[in-house]
There are 2 protein chains.
Amino acid sequence: MAKSEGGSDGPVVIVGGGIGGLASALSLARVGQEVLVLEKAPEFAEIGAGLQLAPNATRVLESLGLLEKIKSLGVLPNKLVIRAALTDTPLTYLEIGEDFLRRYETPYVVMHRNDLLSTILQACQEEPSIELCPGKEIIEVDNTDGGIVATCSDGSSYRGKALIGADGLWSTVRKKLVDDSPICSGYVAYRGAVPIEMATVHAPLDEVVAWIGPGMHYVQYPLRSGKLYNQVAVFRSDQYLEGKEDWGNPEELDLKLSAACDHIKAASKLLGKDHRWPMYDRDPIDRWTEGNITLLGDAAHPMLQYLAQGACQAIEDAYVIGEVFKAPHDSVHEALVKYENIRRPHASRIQTTARTWGDIWHIDGLGMMLRDELFRQRDPDDHTHIEWIYGKH
Amino acid sequence: MAKSEGGSDGPVVIVGGGIGGLASALSLARVGQEVLVLEKAPEFAEIGAGLQLAPNATRVLESLGLLEKIKSLGVLPNKLVIRAALTDTPLTYLEIGEDFLRRYETPYVVMHRNDLLSTILQACQEEPSIELCPGKEIIEVDNTDGGIVATCSDGSSYRGKALIGADGLWSTVRKKLVDDSPICSGYVAYRGAVPIEMATVHAPLDEVVAWIGPGMHYVQYPLRSGKLYNQVAVFRSDQYLEGKEDWGNPEELDLKLSAACDHIKAASKLLGKDHRWPMYDRDPIDRWTEGNITLLGDAAHPMLQYLAQGACQAIEDAYVIGEVFKAPHDSVHEALVKYENIRRPHASRIQTTARTWGDIWHIDGLGMMLRDELFRQRDPDDHTHIEWIYGKH
């Protein structure tokens, strides 16, 4: 396929073989497209630990035929619970068990990132129309007459009819469209999963629990059919605000957690502290598409993690990119613009809502008091605030 | 009575002939006490405009036989309404009409301060055991052997069995007990009533409405059987924070109101701007009583106006001071301590709650968003937050 001279005959070139890139490859292959995936890393793998798949993502995974495997590798919790980080007081919860499944038709699943990626990767490997090329770092992408060309750091170049930049937060493809940079929130995350036998301090095993507090939160839930237990600690670094280089280090983590309730203090003894994840996003942008090049997933709409929608939105992108290529279209460009018009307003709203939701989680003082009262008064069966994210749209 | 040489035979001397002082005089006279009221001003009068009498105050006024007159001079609204000052959006309300009356037995009344004072004053004048002495400025109070002595700036002095400092925010008597000062909140009020015919921009006439917003609020309600219309504008002065002398002036008022909704901007054209009321309170204190001297009303528990409980709490004090003198007691001191023990914890809680309530009214940003959502979700029949104030206790 690399020999294609452009035009409508070449493959769709996907830059980036993460969750969004591979899901898009699969989605496109299923509608009869030839796909080439160029991944910078020497192999396809995800770092990090757990992720959450809300019904808007499991709906897509079901349409791709992956849901049963996903369910067997993940965990289907019954409740999303929010508790106060300082006092361990329960604040509110969302039932995500049987009633939720009746409402949204596909389940809420939590799983290991790599389990999800492996599942999608395996499905891609079974598709003859998908070519997977790891070890290919893109340095330049261009529109050509009727097609695109992608140039790699090893001198190789690839032509195709469309290029999808699915190359994440630090996207190279995005530079083609907009001159912006990731925005650091000053928050840092520590996360990791341990064998369930080691997780002596845990929430009920059918719950995803977020303890929220001033400038910090803590999350726990099980993974991998319940064999692993996932933990995440996130906090706003005072050292970052002070302009220090070595901000958000494990010492600052321990200091922040020392103000939390006993449950968090005890649980955090098992938290991996060897990798530090500064939290970035970017502002929503006015366009994702130029010619036959478009953006997808974190390359298009990197978001803070507070709605647990990063992977979900990339998976929604993948579904829509397949749909627009399946539908009749006069040109590749037209199909990509249609994809953007469906996805950009929604994903942009998720980006900005995620910021606000984080601010709500981390508010202090009187605002915290009002938030807690609002959460306590909330009807757990009220879906107003999530229907637009989880429901069909 | 001024001739009394102290001991249990002399009068109860009340310093201050405002609402709390005169209500206490009446309450004490009704239980058989001789009372002497020393008022600094040359006559008994209240400044300001409207005040709100919740059931905890009208209950006392009924027991003093004043409620029918109060009702005829005031207005009995049907709703306490809270709206957003920036947008005029309704946020929540409390029904204070028929259902409320069934619940609390005595009504919610709004009236002119001076109408209330005149009513109590007239009742005092009809009591032979009350001596009213205006033009008497106290400069010193002391416990004596078994009694008290009060010395005035004109050289006169008065002896009695007890002294009640009802001399307001800037109380002289309070200095005897505690070395503190009024705390300026940096907020200032402009208020006044106009003939109803002039009030072209008003809320429904059966409503008390507070528009709340960032660092400001605006209140409207009718007075004097509906013949007057009362308005209050309150704002946090940036000039105060900047340390300026002439802070919270009418120019700053206009600037603040320029950010408000059209209703407030239009209504405020009629707001009196010739008197500026800086808003003060004090911290709750550990004791009100020393020997046979105690404090009452604003002298004991000056509070910010956000719960509209300043006059109400003074009136509650007046009721209890009568009750403890009516009940058998071994000494005047014992009766005063009993009064303090009943009233101090409750009034202190009102003082601190009023501050928080003001902070809630004036919060900005995300906290405002959370507050608005909380208010909108509130059940108007929920009395949780006011039962402890309005109910029998």
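Residues numbered from 1 in each chain as written. Chains lettered and ligands numbered in written order. Predicted model: local features only at pLDDT ≥ 70, side-chain atom pairs only at ≥ 80, totals over all residues. Heavy atoms only, no water.

**Student:** How would you summarise the overall build of chain A if you had to cite specific residues and measurements?
**Tutor:** In terms of helices and strands, chain A carries 12 helices and 17 strands. Computed over its C-alpha atoms, the radius of gyration of chain A comes to 21 Å, within 12% of the 21 Å expected for a compact globule of 393 residues. Referenced to the eigenvectors of the C-alpha coordinate spread, the extents of chain A come out at roughly 65 × 50 × 40 Å. Split into buried and exposed, the 393 residues of chain A put 58% on the buried side. (Helix = DSSP H or I, 4+ residues; strand = E, 2+ residues; numbered from the N terminus. Rg over C-alpha atoms; globule rule 2.2 N^0.38 Å. Buried < 20%, exposed > 50% of the residue type's maximum accessible area, 1.4 Å probe, protein only.)

**Student:** Describe the interface of chain B and chain A, naming the residues involved and giving the relevant values.
**Tutor:** With 13 residues of chain B at the interface, the matching set in chain A holds 14 residues. Broken down residue by residue, the surface that chain B buries against chain A is led by Leu366(B), Leu370(B) and Leu374(B), which jointly contribute 46%. Connecting chain B to chain A are 0 salt bridges. For the interface between chain B and chain A, the tally reads 0 residue pairs in polar contact (both at pLDDT 80 or more). Residue assignment for the side of chain B that touches chain A shows that the elements contributing at least two residues are helix H10 (332-362) and helix H11 (365-377) of chain B. By residue number, the principal contributor to the side of chain B that touches chain A is H11(B), which donates 8 residues. Tallied by class, the residues present in the side of chain B that touches chain A amount to 6 nonpolar, 4 polar and 3 charged. (Contact = heavy atoms within 4.5 Å. Buried area = accessible area lost by both parts, 1.4 Å probe. Salt bridge = Lys/Arg side-chain N within 4 Å of Asp/Glu carboxyl O. Polar contact = N/O pair within 3.5 Å; in protein donor to acceptor, adjacent residues only side chain to side chain. Nonpolar A, V, L, I, M, F, W, Y, C, P; charged D, E, K, R; others polar.)

**Student:** Please set out the pairing of strand S5 (residues 90-95) of chain A residue by residue, giving values where relevant.
**Tutor:** Residue and element names in this part refer to chain A. Looking at chain direction, strand S4 (residues 79-84) and S5 are connected through 5 bridges and run antiparallel. Each bridged residue has a counterpart across the sheet, and for Val81 the counterpart in S5 is Tyr93. Where S4 hands over to S5, the hairpin turn is made up of 5 residues, of which Asp88 adopts a positive phi near 70 degrees. (Pairing = 2+ DSSP bridges.)

**Student:** Please provide a residue-by-residue account of the relation of the copies chain B and chain A, values included.
**Tutor:** In summary, the two copies of the chain are related to each other by a rotation about an axis coupled with a shift along it. Overlaying chain B on chain A yields an RMSD of 0.0 Å, the required transformation being a rotation through 180 degrees with an accompanying axial translation of 0.1 Å. Such a turn and shift between the copies fits a two-fold axis. Among all residues of chain B, the one whose C-alpha sits closest to the rotation axis is Gly367(B), at a distance of 2.2 Å. Looking at the interface residues of chain B, 100% of them are also at the interface in chain A, so both copies use one shared face. (Least-squares fit on C-alpha atoms with pLDDT ≥ 70 in both.)

**Student:** Requested: an account of the side chain of Asn230(B), with residues and values cited.
**Tutor:** Residue and element names in this part refer to chain B. As for its position among the elements, Asn230 is in strand S15 (residues 228-236). From its side chain, Asn230 meets the backbone nitrogen of Gly50 in a polar contact 3.4 Å long. Those residues in contact with Asn230 that lie beyond four places of it in its chain are Ala49, Gly50, Gly192, Ala193, Val219, Gln220, Tyr221 and Leu223.

**Student:** Residues and numbers for the packing of aromatic side chains, please.
**Tutor:** Considering all chains together, one arrives at 27 aromatic pairs over all chains under this definition. Centre to centre, the rings of Trp170(B) and Tyr280(B) are 5.2 Å apart; their planes meet at 70 degrees, and the pair counts as edge-to-face. Here Trp170(B), found in the loop between strand S11 (162-165) and strand S12 (183-195), pairs with Tyr280(B), found in strand S16 (residues 277-281); they are 110 residues apart in sequence, far enough to count as distant. Among the aromatic residues, those joined into a ring-pair cluster are Tyr187(A), Tyr306(A), Trp357(A), Trp361(A) and Phe375(A). Lying across the ring of Tyr93(A), Lys79(A) places its NZ or CZ 4.3 Å from the centre. The positively charged end of Arg349(B) is found above the aromatic ring belonging to Trp388(B), 3.6 Å away from the centroid. (Phe/Tyr/Trp six-rings, centres within 6.5 Å; stacked < 30°, edge-to-face > 60°. Lys NZ or Arg CZ within 6 Å of the ring centre and 35° of its normal.)

**Student:** Can you break down the state of the cysteines residue by residue, with the values?
**Tutor:** All chains considered together, the criterion is met by 0 disulfides over all chains. Between Cys133(A), a cysteine without a disulfide, and Cys152(A), which holds the nearest cysteine sulfur, the sulfur-to-sulfur distance is 8.4 Å. (Disulfide = S-S within 2.5 Å.)

Everything listed here is a matter of geometry and, on its own, says nothing about what the molecule does.
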